[in-house]
Amino acid sequence: MKSRVAGSLMLGMAVAVGLAACAGGNDRRTLAEQAPTNEPDAATSEQADNPRAPQHPVEARAEMAQAAGQAARQKQAIRSALFAQDSGARMLLPPTPPPAAPFNREGYEAITENRFHDPQVTPLSTFGLDVDTASYTNLRRLLNAGQRPPIDAVRIEELVNYFDYSEWPVNGRHPIRLRSELAEAPWADGHLLAMVQVAALAPKQAQARPNRLVFLIDTSGSMQAPDKLPMLQRAFRQLTEQLGPEDSVAIVTYAGNAGVALPATRGDQKSKLYEAIGRMQAGGSTAGARGIELAYQIAQEQFDAAANNRVILATDGDFNVGASSQGELVRLIEQRRDQGIYLTVLGFGTGNYQDGRMHRLADHGDGNYYYIDTDLEARRVLVDKLQGTLVTVAKDVKLQVEFNPQRVAQYRLLGYETRALAAEDFKDDRKDAGDVGAGQRVTALYEIVPVGAQTGAPDALRYQTRKPTPASQRKDEWMLVKARYKQPDGGASTELRNVVEADVTALAQASADLQWAAAVAEFGLVMRKSEHAADASFADVLRRSERLAQRSDDPARDEFVGLVRQANLLAKAPEPLRMGRDYQPAHQTTARVQE
């Protein structure tokens, strides 16, 4: 019964609101105009003009009282309708929601971590080198902003390779050199850590080559933020100062359309370069594919076989107009790469940063991928390490490691998931791999479970036996490291070899390079919440890295120690609510707590 009465009341109110709304554009003023006034009607006026008209006093008073009552009722009805219109509209409107958190649509590609392999089943580990460092600087940006980085934003090899390691001479007929080291793994008792490093010719030894560059700059509306186009402009001014008269630079910009902001200009005409860079303004959509096509077209027009031909793309990675599918862009970049024009990618900004797309484009363009989060990082990449950024000394560098099953029960490669190759790709010169720039040091780490540790044995094979060869019975060898590379101009690849037969040392007695790489890798395992992290922890990383940083004069290592502290604090803080299934408006959250 109560529900019926309530329903009737709500229906009546809805009818009243509807009737009031039907007044259309006249609203309150129309209703007010319909209210009777105290002016006499026609009959009353006639009687006033004709005082001799007969009228009984009692009847006149009754008529006047009736008219006054009718006017009062009409006024009340109008007031009720207006009140119903206002209050009904307020009831029908939803409550004002709390302010939403800033919208975040950053994109990262999923990473499936490398697993342990049995060398009796999979004796070879093959991958292409990667000298990118974007993951570390992006991680730094997120941690300094008080945010927990997404798991897929953490690429361990890029964390390790961000740092400088000790220099050792590269001489002879090869532009690169191999070295390796073996010590105890800090995060898993009984496990070992093998470090393989590739060193390239130092910049002063590298042959100086002129540069033929095309700056491809994203000027779309998404680049308006201070950490995007303004920082990008400052970065390219720093790069401009490093160019000489033998260099040539063209500038292409893209937003809704792509255009040439500056045709090919000599590097010593810096005023023209500065002027073109300063004219850029952000606005419009993002025709990224058209911009890339135009940049490569200009690069082809100024191509010089004796020069370093490169497109430098600076963007937040948010392509949303044109042939923006990743597959189309990758195929375009691969075609130009095979013609000798390479791609370097510089990432900028937050909020809509598309890391996954830019990482893949750089990989397929035989170039480097950096994330610029500060002006100091821009100087580090484009000034301090310009030779390594622009000058390639070894092309398509691949590593292949063969493990001795007499000493190694299991192994796994830390990182390089996106650079994995099939074993047969190692000698296939048609397969692309990473390039190494002048003076660069590239590090790879393997976690090894030695024979005798508790591991599961593989099933027996039906058609063959796992009998070790006589060479593998030499118990002084752990593994064979092989590298293949091409000269910058191409041609057939050349192979280098290095046998690892060193005795295992305690981590504290290992080289400073291995100790530091182990600390950074352990940090990556914890940040990724890796299933292989074992006993890894921020506390252990902090203890070891702080001691190592005190022995070094590299400010980047001091900064790393601070990032470990910040990550440790964020890990202890409660997980913040986010928009989506976890989100609850503030008033609902309070009500639930009170209940």
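For the structure itself, look to the data block above.
Residues numbered from 1 in each chain as written. Predicted model: local features only at pLDDT ≥ 70, side-chain atom pairs only at ≥ 80, totals over all residues. Heavy atoms only, no water.

> Help me out: how do you make sense of empty space enclosed by the protein in this one?
Unoccupied space between atoms shows up once a probe the size of one water molecule is rolled over them. The final tally for this structure, using the stated rule, is four cavities of 30 Å³ or more. There is about 120 Å³ of room inside the largest cavity. In terms of lining residues, the largest cavity is bounded by 20 residues, among which Val 131, Asp 366, Gly 367, Asn 368 and Asp 435 are the most central. Counting residues per element, the ones that place at least two in the lining of the largest cavity are α11 (355–364), α13 (386–390) and β12 (434–437). Broken down by element, the lining of the largest cavity gets its largest block of residues, four residues, from β12. For the lining of the largest cavity, the class distribution of residues is five nonpolar, eight polar and seven charged. Within this model, the second largest cavity holds a volume of roughly 40 Å³. What lines the second largest cavity is simply Ile 111, Glu 113, Val 154, Arg 155, Ile 156, Glu 157, Arg 412, Gly 415, Glu 417 and Arg 528. (1 Å grid on protein atoms, 1.4 Å probe; cavity = no way out; pocket = protein on both sides within 12 Å on 5 of 7 lines; lining within 4 Å. Points joined across faces, edges and corners; volume = space filled by probe spheres on them. Helix = DSSP H or I, 4+ residues; strand = E, 2+ residues; numbered from the N terminus. Nonpolar A, V, L, I, M, F, W, Y, C, P; charged D, E, K, R; others polar.)

> Can you help me understand the packing of aromatic side chains in this one?
In this description, a pair of aromatic rings is defined by centroid distance and the angle of the planes. This structure, assessed with the given rule, holds 14 aromatic pairs. Plain terms: the ring middles of Phe 403 and Tyr 446 are 5.2 Å apart, the flat faces sit at 70 degrees to each other, and that makes the pair edge-to-face. Taken together, the positions of Phe 403 in strand β10 (residues 392–403) and Tyr 446 in strand β13 (residues 441–450) put the pair 43 residues apart, joining distant regions of the chain. Judged by centre distance (5.3 Å) and plane angle (65 degrees), the ring pair of Trp 516 and Phe 560 falls under edge-to-face. Here Phe 560 lies in helix α16 (residues 555–572) and Trp 516 lies in helix α14 (residues 512–527), a separation of 44 residues in the sequence. Through a chain of ring-to-ring contacts, three or more aromatic side chains come together here, namely Tyr 136, Tyr 162, Phe 163, Trp 516, Phe 523, Phe 538 and Phe 560. Against the face of Tyr 162 rests Arg 380, its NZ or CZ located 3.9 Å from the ring centre. Above the face of the Phe 116 ring, Arg 412 is positioned so that its terminal group lies 5.9 Å from the ring centre. (Phe/Tyr/Trp six-rings, centres within 6.5 Å; stacked < 30°, edge-to-face > 60°. Lys NZ or Arg CZ within 6 Å of the ring centre and 35° of its normal.)

> Mind showing me how you'd approach the environment of Gln 297 here?
Within the secondary structure, Gln 297 is located in helix α9 (residues 288–301). C-alpha of Gln 297 to C-alpha of Val 214: the two residues are 83 residues apart in sequence and 9.9 Å apart in space.

> Would you mind going over the sheet that holds strand β11 (residues 408–414) with me for this structure?
Remark on secondary structure: sheet strands pair via backbone hydrogen bonds, oriented parallel or antiparallel. Spatial strand order, β2-β3-β13-β11: four strands in an open sheet with antiparallel pairing. Since the sheet does not close on itself, it has two edges, and those belong to β2 (176–184) and β11, each with one partner. Going from strand to strand, the sheet's axes swing by 25 degrees on average, the running direction of each strand aside. Summarising the sheet, β11 and β13 pair through six bridges and their orientation is antiparallel. Following the sheet pairing, Val 408 is matched in β13 by Pro 450. Together, β2, β3 (192–200), β11 and β13 form the strand contacts of α14, whose direction differs from that of β3 by roughly 110 degrees. (Pairing = 2+ DSSP bridges. Axes fitted to C-alpha atoms, helices over the stretch in contact; angles between N-to-C directions. Contact = heavy atoms within 4.5 Å.)

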